[in-house]
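What the coordinates show
Single-letter residue listing:
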Amino acid sequence: MGLTSGSRCPSLSLLGALTLLLCPSNLQGCSSPPEIPHGNYAYLTGYLVFTTQVQYECNEGYALVGAAIISCGFFGWSPPAPQCQALCLKPKIPNGRLSVEKEQYISPETVTIQCDPGYRMVGSQRISCLEDKSWSPAVPSCERQVPEDHNIVQAGKSLLQCLPSPRDSKVALELYKLSLEIEKLERERDRGKVI
């Protein structure tokens, strides 16, 4: 009398099932979990965890990018191990603003700076967060723009204060604008004669 296939070796079938339940990583193709710069991992354990899992965390000053938990499967660790990227603090730019406003930026994030009206950029308009938690190129500044002919403006302001009425001030300003336009037209005319 022959044995049926289901009852051929019940103790081996039970042993195989227990091995899968208790030691699944022995049958799977995983080496140690991947190490990541600026971070570490810990094995997760629990009553109903049937696969080997690790959870990553980053050192202070770094942000986790990617899945925090990875599992050992038949083809190795999945999903890929995360990375710990450097965090740069928000640059302080008086009289300017950033394209993206937040307290911390993750390397290699790039931001654009724009100065407020009446201020000009001194330095690079685009800066990037580096792995060493610094900004490159250096954080720019926004300096007050001084008109090229600020002496004329000051003289005009003094003159306007001497005029008796607001109407007289308006007429004086209109005459001044006309004189500037005449000078501009004369320069253009003179350039045309030279050519």
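These lines cover the structure that appears in this document, whether it is placed above or below. These numbers come from a predicted model, not from an experiment.

1. Some points on the overall build of the protein chain
- Within the protein chain, the regular secondary structure consists of four helices and 13 strands.
- Across the protein chain, the fraction of contacts at a sequence separation of at least 24, relative to all contacts at a separation of at least 6, is 36%.
- For the protein chain, the accessible area works out to roughly 14,400 Å², and carbon and sulfur atoms hold 59% of it.

2. Observations concerning the pairing of strand 6 (residues 83-89)
- Within strand 6, five of the seven residues are buried, leaving the element largely enclosed by the surrounding structure.
- When strand 3 (residues 62-65) meets strand 6, the two strands line up antiparallel, connected through four bridges. Following the sheet pairing, Ala63 is matched in strand 6 by Gln85.
- Note: strand 6 against strand 8 (residues 104-106), three bridges, orientation antiparallel. Among the inter-strand pairings, Cys88 is bridged to a residue of strand 8, identified as Tyr105.

3. Quick word on the state of the cysteines
- In total, this model carries three disulfides according to the counting rule given.
- Covalently, Cys88 is tied to Cys129 through a disulfide, its sulfur atoms 2.1 Å apart. Judged by the sign of its S-S torsion, about 85°, the bond between Cys88 and Cys129 is right-handed. Here the residue Cys88 occupies a position in strand 6, and Cys129 occupies one in strand 11 (residues 126-129), the gap between them amounting to 41 residues.

4. A closer look at the environment of Trp77
- Residue placement: Trp77 occurs in strand 5 (residues 76-78).
- Each C-alpha atom, one on Trp77 and one on Cys30, is 6.4 Å from the other, the two residues being 47 residues apart in sequence.
- Polar side-chain contacts of Trp77 include one of 3.0 Å to the backbone oxygen of Ser31.
- For Trp77, the side chain forms a polar contact with the main-chain oxygen of Ser32, separated by 3.5 Å.

5. Observations regarding the sheet that holds strand 3
- Reading across from one edge, 3-6-8 is the order of the three strands in this open sheet, with antiparallel pairing throughout. The strands lining the two open edges of the sheet, one partner per strand, are strand 3 and strand 8. In this sheet, adjacent strand axes meet at a mean angle of 40° when their direction is disregarded.

6. Points about the environment of Val54
- Within the secondary structure layout, Val54 lies in strand 2 (residues 53-58).
- Exposure remark for Val54: the relative accessible area of 0% places this residue in the buried category.
- Note: C-alpha distance between Val54 and Ile69 (15 residues apart in sequence) is 5.6 Å.
- Among all residues touching Val54, those that are not within four sequence positions of it are Pro33, Tyr41, Ala42, Tyr43, Leu44, Ala68, Ile69, Ile70 and Trp77.

7. Description of a nonpolar patch on the surface
- Judged by side-chain polarity, Val171, Leu175 and Leu178 come together as a nonpolar surface patch covering roughly 280 Å² of accessible area.
- Within the secondary structure layout, Leu178 lies in helix 4 (residues 166-194).
- Exposure remark for Leu178: the relative accessible area of 53% places this residue in the exposed category.

So, how was this worked out
- Residues numbered from 1 in each chain as written.
- Predicted model: local features only at pLDDT ≥ 70, side-chain atom pairs only at ≥ 80, totals over all residues.
- Heavy atoms only, no water.
- Helix = DSSP H or I, 4+ residues; strand = E, 2+ residues; numbered from the N terminus.
- Contact = heavy atoms within 4.5 Å.
- Areas by Shrake-Rupley, 256 points an atom, 1.4 Å probe, with all protein chains shown as cover.
- Buried < 20%, exposed > 50% of the residue type's maximum accessible area, 1.4 Å probe, protein only.
- Pairing = 2+ DSSP bridges.
- Disulfide = S-S within 2.5 Å.
- Polar contact = N/O pair within 3.5 Å; in protein donor to acceptor, adjacent residues only side chain to side chain.
- Axes fitted to C-alpha atoms, helices over the stretch in contact; angles between N-to-C directions.
- Patch = residues over 30% accessible without salt bridge, like charges linked within 9 Å, V, L, I, M, F, W, Y side chains within 5 Å.
- Salt bridge = Lys/Arg side-chain N within 4 Å of Asp/Glu carboxyl O.

Functional significance is not addressed by these values, which are geometric in nature.
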